[in-house]
Every structure is written in structure tokens, then in C-alpha cells.
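Descriptive structure summary
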Amino acid sequence: MTLDAKNFLAQVFDVEPFEVPDDASLDTYQRWDSLGHMQLVMLLETHLGRPLESEEILSIIDLESLDQLLTMKTGSSHS
Amino acid sequence: MRSENLLLRPLTEQDATERYVGWLNDAEVNRFLEVRWHHQSLADVRSYVAGHDNVGQFVFGVFAEPDELHVGNFSIKVDENHRSAVMVVMVGDRDYWGQGIVLEARARLLDFIFSRLPVDKVSGGCYQTNVHAIFNYKRQGWELDGIRRADRLDQGRRVDVINFAMFREAWLDRNDP
């Protein structure tokens, strides 16, 4: 997992990246509420420069899934 | 019915207030509701409430404690033939957005549906741009039940409708691990 995913969550939830637990998920991380989820999606759309597809929005459930979306952006920039 | 912070009861004509009408005509509240296409009146709301028999079609008001302030509604339409139901939610009072009342109220209503009604599957759905709703469905353990591509218009953009489902066994297993 890249640090980007933690940085993203930290930015949304207004905490330091080290405060985001490795297993942070929509089900378990107390700070991860619907408002935070909305902010997260908006931040991702800004980062990716396009609206997220339904499947992408549905896929965001934890740090790993967030990391995959961010990696996709990185990967596409090198292709 | 009560949950920790809410009273849930069928709406009556007395609940059709200007405050309620105001929600339906509020562009932020009605962004994902079909009522947004027509200006709503007190008569429209009275007619809507009266159209629910509370046998096969319910409209439950969500009232927040301690003052039992009306903050939103859930409608439930039951299809007995197919033992299914469709549930729709609106939180009209924006002060209660992001407060978790959808999750709390819907959990109580799912308990009611699966214990009292001839229903094995409850369906719900939302626009792909309604991220709050998507979050709530996922947080509550609803499963993806299909995506209708570019099915609706939201602020001039064609968007998908994402359908979710909760099955009786899944809900009961969740409550009784």
C-alpha cells in the first residue's frame, strides 16, 4: 500500500496519516462516515480529473481499495 | 416503533405541514427525488400520505427524540405475490444529514419488515452521485443488485442508478450472529 491512500484519508478526516489505522475501513473506522465518504469521493475525482464510475465508487471500502484507485491513476500516467 | 433516538410511525394528514412541503421544494433535499420535477403543495403532500394504506404501502415518519421532531420519511411498498418490498428514504431536515439517522431508522424498519410482513427481499436504490446513500447501503450490508446505466438526469448529467438488496436471511444472520 502506498502512503497516498493514508494521506487521502488523513486529509478527509483531518488527522495525521500515522493516525489512520492500517485496517481502516468503511465498516470499522469510526471517523469514516457518510460526509467523509462524500469528501473522499470528491477528492478522488479531483485527483483523477474525472467523475468516478459507479463500480469505482462502490469499490471504495478500505485503504486497499482506495490504494487501487490511486495506483490506477499512477499507472495510466505512465502508459 | 422506537429506536435509540427515533420514533417511527405511519404519517397522518396532520403530519402534512408547510415544513414538510418545504423539504420537497428544497433543491438540495429533492435533488435525487422525482418530486423535484413539479412544485409541491400541501394538497400534494396530503394526497401522498392518504395514498398509503399502511397495509401494503407504508409511509413512516421519522421523528427525532427528545422532541419528536419530524425530520424525514421512509416509504415501503410491499408486493405480496413476490414477497418483496421497495424502500425509499428522504431526510428532509438538513440539520439531520450525516447524523446516522438513515442507518438507525432503516435498521428498525428492516426488523419490522422481516418480522411482520410477508417479505423476503427489500430493494432500494440511489443515483451514482448520491454518495451518502451509497455509503449507507454499504455500511449496512446491503448487496449490489444491479446498475441501470445512465438511467437518470442529475444536474444535467446522465447518471447510473445503483440498486441494492437486503434479503431476509442476510438481515437475520446479521442481527443474530
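It should be noted that the structure appears before, not after, this text.
Attention here is on the structure that accompanies the text. Being a predicted model, the structure only gives us computed values, none of them experimental. Position labels on residues start from 1 in each chain and follow its written sequence. Written order decides the labels, with chains lettered from A and ligands numbered from 1. Only residues with pLDDT of at least 70 are given local features in this predicted model, and only at 80 or more are side-chain atom pairs given and counted; all residues enter the totals for whole chains, interfaces and linings.

Secondary structure is summarised from DSSP: a helix means a run of H or I of at least four residues, a strand means a run of E of at least two, and numbering begins at the N terminus for each. On a plain count of helices and strands, chain A comes out with four helices and zero strands. Using C-beta atoms placed from the backbone, we call a residue buried if 20 or more other C-beta atoms fall within 10 Å of its own, exposed if 12 or fewer do, and partly exposed for counts in between. By residue count, 25% of the 79 residues in chain A fall in the buried class. Any two residues are considered in contact once their C-beta atoms, placed from the backbone, lie within 7 Å. By sequence separation, contacts in chain A at least 24 residues apart represent 56% of the contacts at least 6 residues apart.

This part is about the packing of helix H2 (residues 34–48) of chain A against helix H4 (residues 131–139) of chain B. At a minimum axis distance of 8 Å, the contact between H2 of chain A and H4 of chain B shows a crossing angle of 125 degrees. In terms of their interaxial angle, H2 of chain A and H4 of chain B are classed as oblique. The hand of the H2 of chain A/H4 of chain B crossing is right-handed. On the side of H2 of chain A, the interface is formed by Ser 34, His 37, Met 38 and Val 41 of chain A, while H4 of chain B contributes Val 131, His 132, Phe 135 and Asn 136 of chain B. The classification used treats Ala, Val, Leu, Ile, Met, Phe, Trp, Tyr, Cys and Pro as nonpolar, Asp, Glu, Lys and Arg as charged, and all other residues, Gly among them, as polar. Grouping the constituent residues of the contact of H2 of chain A with H4 of chain B by class yields four nonpolar, four polar and no charged. To get an axis, a line is fitted to the C-alpha atoms, and for a helix only the part in contact is used. The angle between two axes follows their N-to-C directions and goes from 0 to 180 degrees. An angle counts as roughly parallel when it lies under 35 degrees, as roughly antiparallel when it exceeds 145, as roughly perpendicular when it falls between 65 and 115, and as oblique in every other case. Left-handed describes a crossing whose near helix is turned anticlockwise from the far helix through less than a right angle; right-handed describes the clockwise counterpart.

Now for the interface of chain A and chain B. On the side of chain B, 13 residues touch chain A, which itself brings twelve residues to the contact. The set of elements that each furnish at least two residues to the side of chain A that touches chain B consists of H2 and helix H3 (54–59) of chain A. Among the elements that make up the side of chain A that touches chain B, the one with the highest residue count is H2 of chain A (five residues). Split by residue class, the side of chain A that touches chain B holds seven nonpolar, three polar and two charged.

Residue and element names in this part refer to chain B. With omega at 5 degrees, the peptide bond leading from Glu 65 into Pro 66 counts as cis. Among the structural elements, Pro 66 can be located in the loop between strand E2 (57–64) and strand E3 (69–79). With phi around 50 degrees, Arg 83 is a residue other than glycine that occupies positive phi space. Inspection of the secondary structure assignment puts Arg 83 in the loop between E3 and strand E4 (84–91). For Arg 83, a count of 13 C-beta atoms within 10 Å corresponds to the partly exposed category.

One recurring pattern in soluble globular proteins is that nonpolar side chains are buried together. Residue and element names in this part refer to chain B. By convention the nonpolar core is taken to be a set of buried residues drawn from Ala, Val, Leu, Ile, Met, Phe, Trp, Tyr and Cys and joined through C-beta atoms within 7 Å. Formed by 51 residues in total, the largest nonpolar core has its most connected members in Val 62, Phe 74, Ile 76, Ala 105, Leu 109, Ile 113 and Ile 134. Ranked by the residues each element gives to this core, the list is headed by helix H3 (residues 101–116), at seven residues. In terms of nonpolar packing, the next biggest core, distinct from the first, is built from six residues, Ala 16, Tyr 20, Val 29 and Val 45 among them.

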